[in-house]
Amino acid sequence: MTKDIDFIGIGAPRSGTSWIANVLRAHPQICLSEPKEVRYFNRDEIQVGRLKGLANPNFDQNLSWYMRRFSHAKDGQLLGEISPVYLSDKKAPSAIKEHYPNVKLIVCLRNPVDRAFSLYNLHRGNSLIENISFDQALEEESVYADTGMYAEFLERYLRYFNREQILLLIFEEFIHDPASGFCRIFKFLGVDPSPNIDFSNFDKNKSARRRFGKLHKFAFRFSQWLINARLSIVLGALRAAGAHNLFRSINAASVDNNKISAATRNSLIEIFREDIDKLEVMFDIDVRRWKC
């Protein structure tokens, strides 16, 4: 397969990207990669806990490896993937530009304080970090504050892509009115803006703890074997049959979510305030609610 990639979702992490991916996968004119997060264009793994300092091995694969993640595509479908780690990775914008200069980019941003807390809960549930408090995690892991500097990251993308190539969505607005949000995405991509899709049927990917780490690793390796054997269509069929959701429910346990103290929230708001101000000017948006 030599067809260009039509769109890439670049983030942000814990900002509804899995929900968006599941809905896009249901659109008959769109082929989403298997898996949703190919993580091909990021040089580094996310810098947290036991992954800190590690390089992403997918970055060194050839383009045919990447395209095998779309081997289930039907004729005429748009091709796209969503890897939230791309937003903050320094190498991703130039790597994407090198291969797909005309690609459309989708970014959904969430209140950076709430997003940081959600990411912390995800990492705790996946055992990437110890079972520590959010305040302690902020002290030990810079990733929670660093990955909320949206204006800084998007400024980097604007060095390589035109503003018209980037669709910016606000998570809180999206959740409030998903029909309008998905209509914007579909129009941006140039597909039918009113497909027969019930958005309420798709989970918004709440944080959960994995019951069995080895079971998760086995499922991941099995899916990668299918993909490399050009059998990603089998993964699509299993997903359509509900096997993916069943596996997640079996292997998921609830996370005991702490709450953010008022002092911690106010401290983080001050950390993000300047970047939020810059973002509002850069994209002519109003997210003042993030600053209080």
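Rules of the game
- Each chain carries its own residue numbering, running from 1 in the written order of its sequence.
- Selection of residues for local features in this predicted model requires a pLDDT of at least 70, selection of side-chain atom pairs for listing and counting requires 80 or more, and totals for whole chains, interfaces and linings are taken over all residues.
- Remark: hydrogens and water are excluded; side-chain values derive from all non-hydrogen atoms of the structure.
- Strands are runs of DSSP state E lasting at least 2 residues, helices are runs of H or I lasting at least 4, and numbering of each runs from the N terminus.
- Whether two residues are in contact is decided by their heavy atoms, any of which lying within 4.5 Å being enough.
- Surface exposure here means Shrake-Rupley accessible area, sampled with a 1.4 Å probe, where a residue is shielded only by the protein chains that are shown.
- Salt-bridge detection follows one rule: a side-chain nitrogen of Lys or Arg within 4 Å of a carboxyl oxygen of Asp or Glu.
- Categorising residues by exposure relies on relative accessible area from a 1.4 Å probe, with only protein chains included: less than 20% of the type maximum marks a residue as buried, more than 50% marks it as exposed, and the intermediate range marks it as partly exposed.
- For Phe, Tyr and Trp, where Trp contributes only its six-membered ring, two rings pair if their centres lie within 6.5 Å, and the inter-plane angle classes them as stacked under 30 degrees, edge-to-face over 60, or tilted in between.
- Charge-over-ring contacts are defined here by two conditions on Lys NZ or Arg CZ: a distance within 6 Å of the ring centre and an angle within 35 degrees of the ring normal.
- Two strands pair if DSSP finds at least two bridges between them.
- Every angle, taken between N-to-C directions, lies between 0 and 180 degrees, and every axis is a line fitted to C-alpha atoms, over only the stretch in contact when it is a helix.

## Side note on the overall build of the chain
Line of reasoning, step 1. Looking only at helices and strands, the chain features 13 helices and 7 strands.
Line of reasoning, step 2. In the chain, 77% of the contacts between residues at least 6 apart in sequence involve partners at least 24 apart.
Line of reasoning, step 3. For the chain, the exposed area adds up to about 14600 Å²; of that, 51% sits on carbon and sulfur atoms.

## As for the pattern of salt bridges
Line of reasoning, step 1. Taken as a whole, this structure holds 13 salt bridges when the rule is applied.
Line of reasoning, step 2. Asp114 serves as the salt-bridge partner of Arg265, at 2.8 Å between the closest nitrogen and oxygen. Here Arg265, found in helix 13 (residues 262-283), pairs with Asp114, found in helix 4 (residues 112-125); they are 151 residues apart in sequence, far enough to count as distant.
Line of reasoning, step 3. A residue is classified by how much of its surface remains accessible, and Asp114, at 25% relative accessible area, is partly exposed.
Line of reasoning, step 4. For Glu155, the salt bridge identified is with Lys278, shortest N-O distance 3.1 Å.

## Comments concerning the packing of aromatic side chains
Line of reasoning, step 1. Tallied over the entire structure, the rule returns 18 aromatic pairs.
Line of reasoning, step 2. With 5.5 Å between their ring centres and 75 degrees between their planes, Tyr66 and Phe70 make a pair best called edge-to-face. The pair formed by Tyr66 and Phe70 is uniform in burial state, with each residue classed as buried.
Line of reasoning, step 3. Ring plane angle 75 degrees and centroid distance 5.0 Å describe the contact between Phe117 and Phe134, whose orientation is recorded as edge-to-face. Taken together, the residues span a long stretch of sequence, with Phe117 in helix 4 and Phe134 in helix 5 (residues 134-140) at a distance of 17 residues. In this structure, Phe117 and Phe134 share a single accessibility class: buried.
Line of reasoning, step 4. Each residue in the set Tyr40, Phe41, Trp65, Tyr66, Phe70, Tyr86 and Tyr100 is aromatic and connected to the rest through ring pairs, giving one cluster.
Line of reasoning, step 5. One cation-aromatic arrangement involves Lys97 over Phe161; the distance from NZ or CZ to the ring centre is 5.6 Å.
Line of reasoning, step 6. The side chain of Lys104 reaches across the aromatic face of Phe188, ending 5.4 Å from its centre.

## With respect to the sheet that holds strand 5 (residues 166-170)
Line of reasoning, step 1. Across the sheet, which stays open at both edges, the 5 strands sit in the order 2-3-1-4-5 with parallel pairing between neighbours. Lying at the two open borders of the sheet, with one neighbouring strand each, are strand 2 (30-32) and strand 5. Between one strand axis and the next, the sheet turns through 25 degrees on average, direction left out of account.
Line of reasoning, step 2. Here 5 bridges tie strand 4 (residues 104-109) to strand 5, and the two strands are oriented parallel to one another. Pairing of Cys108 across the sheet is with Leu169, part of strand 5.
Line of reasoning, step 3. Of the strands in this sheet, strand 1 (7-11), strand 4 and strand 5 are in contact with helix 7 (residues 150-157), which crosses strand 4 at around 175 degrees.

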